[in-house]
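Now for the letters of each chain:
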Amino acid sequence: MSPTDLWLLGHGIAASPSPRMQEAALRARGIEGSYRIVDVPPDELGAALRRLRTGAARGANVTIPHKLAVAAACDRLEGDAALVGAVNTVVVEEGRLLGANTDAAGLEGALRAAGLWPAPGRGAVVLGAGGAAAAALLALSRVPAGPLWVAARREEAARLLAERLAPVLEAAPVPWEAAALERLLERAGTVVNATPSGLAGLPLRLERLGAGCTVVDLRYRPRPVDTVAAAGAAGLRACDGLEMLLHQGMLSFRRWTGLEPPWDEARAALLAAVDGMIR
Ligand code: NAP
């Protein structure tokens, strides 16, 4: 193993732009090493974690579908990983797996960088009930953005997420229908799409959003992301998930290397990777 070999552990993730971003960051800091995709199906995750434990890499990012399973397998969970029971960053230390989660802090950093930090008080609606929705709720609870609502196409999933997060924040599950969400959307200061669905599949009528509402879509391709383009055309503030991807990745980089991330070089590489994918 060279000093800083890193993995992106997931399944069906061949198109991820993260290797380009992380390898640019390693180069910019003069670190010898690599960041590569390790694609394993769920039934091979245990073997992959054993390889990680025995020194195959210095650390890893974790993505779909392994964030919860890796949290369960770690020897210790830090900070947000312990709060949400999901890991996106693993650090290997003397054969032990330390699990962290930079998703919520990544979203916070992205919103601050874009000048879109939610105004406190108006509340926020999060669409989706997976890992990204949990991170969004955590980030919004720290503003604090005001009342939080969560809607998912399976109402049960929204209810379970709210229950899971109840020790750290209060989020009310609401039905997945435009009519049911209408009153909340008129009032909310922020709406986050934390699903892989485009605008056409969401219970989101942009014309019903209140003045000054910010639309955040955690998807980052194809760009321009449809919700962000439509929100911009409707005069609303909006951003896609690219800056969050940068921030969560660079917070992982800082955790592995102890170094200040090279933000500009990593952002340029990420943009080039994402633009290259849609050509
Ligand atoms: P996840 O854990 O699989 O959760 C996805 C959620 O979206 C689930 O509630 C799922 O519902 C719902 N969903 C899936 N397909 C849907 C559809 N067609 N219509 C409505 N709801 C749907 O995934 P995740 O990790 O939370 O990721 C969600 C999105 O955020 C993805 O687009 C991902 O790329 C993005 N993301 C971005 C970043 C970033 O850094 N920018 C980081 C993490 C995630 P079911 O349970 O019913 O399937």
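Residues numbered from 1 in each chain as written. Predicted model: local features only at pLDDT ≥ 70, side-chain atom pairs only at ≥ 80, totals over all residues. Heavy atoms only, no water.

Let's shift gears to unusual backbone geometry. At the junction of Ile-64 and Pro-65, the peptide bond is cis and its omega measures out at 0° in the coordinates. Within the secondary structure layout, Pro-65 lies in the loop between strand S3 (59–62) and helix H3 (67–73). For the bond from Arg-221 to Pro-222, the omega torsion is -5°, close enough to zero to count as cis. Topologically, Pro-222 is positioned in the loop between strand S11 (214–217) and helix H9 (226–233). In the Ramachandran plot, Glu-94 falls in the positive-phi region, its phi being about 50° despite a non-glycine side chain. Position of Glu-94 among the secondary structure elements: in the loop between strand S5 (89–93) and strand S6 (96–100). The exposure class assigned to Glu-94 is exposed, which follows from its relative accessible area of 82%. (Helix = DSSP H or I, 4+ residues; strand = E, 2+ residues; numbered from the N terminus. Buried < 20%, exposed > 50% of the residue type's maximum accessible area, 1.4 Å probe, protein only.)

Another point: the packing of helix H5 (residues 103–113) against helix H6 (residues 131–141). At a closest axis distance of 8 Å, the pairing of H5 and H6 adopts a crossing angle of 60°. Relative to H6, the element H5 is oriented oblique. For the pair H5 and H6, the crossing hand works out as right-handed. Counted together, Asp-103, Ala-104, Leu-107 and Glu-108 of H5 and Ala-135, Ala-136, Leu-138 and Ala-139 of H6 form the full contact between these two elements. Across the contact of H5 with H6, the residue classes break down as six nonpolar, no polar and two charged. (Axes fitted to C-alpha atoms, helices over the stretch in contact; angles between N-to-C directions. Parallel < 35°, antiparallel > 145°, perpendicular 65-115°, else oblique. Left-handed = near helix turned anticlockwise from the far one by under 90°. Contact = heavy atoms within 4.5 Å. Nonpolar A, V, L, I, M, F, W, Y, C, P; charged D, E, K, R; others polar.)

With that settled, consider the sheet that holds strand S4 (residues 76–77). The strand order across the open sheet built from six strands is S2-S1-S3-S5-S6-S4, with neighbouring strands paired in mixed fashion. Each edge of the sheet is formed by a strand with only one pairing partner; in this case those strands are strand S2 (33–39) and S4. Packing of helix H1 (residues 18–28) onto the sheet brings it into contact with strand S1 (4–10), S2 and S3, and relative to S2 it is tilted by some 165°. Lying on the sheet, helix H2 (residues 45–56) is in contact with S1, S2, S3, S5 and S6; it crosses S1 at an angle near 170°. (Pairing = 2+ DSSP bridges.)

So, on to the site of the ligand. Neighbouring the ligand are 20 residues; Ala-129, Ala-132, Arg-153, Arg-154 and Gly-241 lie closest to it. The fraction of the free accessible surface of the ligand (920 Å²) that becomes covered by protein chains is 73%. Elements supplying a minimum of two residues to the shell around the ligand: H6 and helix H10 (242–257). For the shell around the ligand, the element with the highest residue contribution is H10, accounting for three residues. In the shell around the ligand, the residues fall into 10 nonpolar, seven polar and three charged. (Near = heavy atom within 4 Å. Areas by Shrake-Rupley, 256 points an atom, 1.4 Å probe, with all protein chains shown as cover.)

Coordinates in, geometry out; function isn't part of it.
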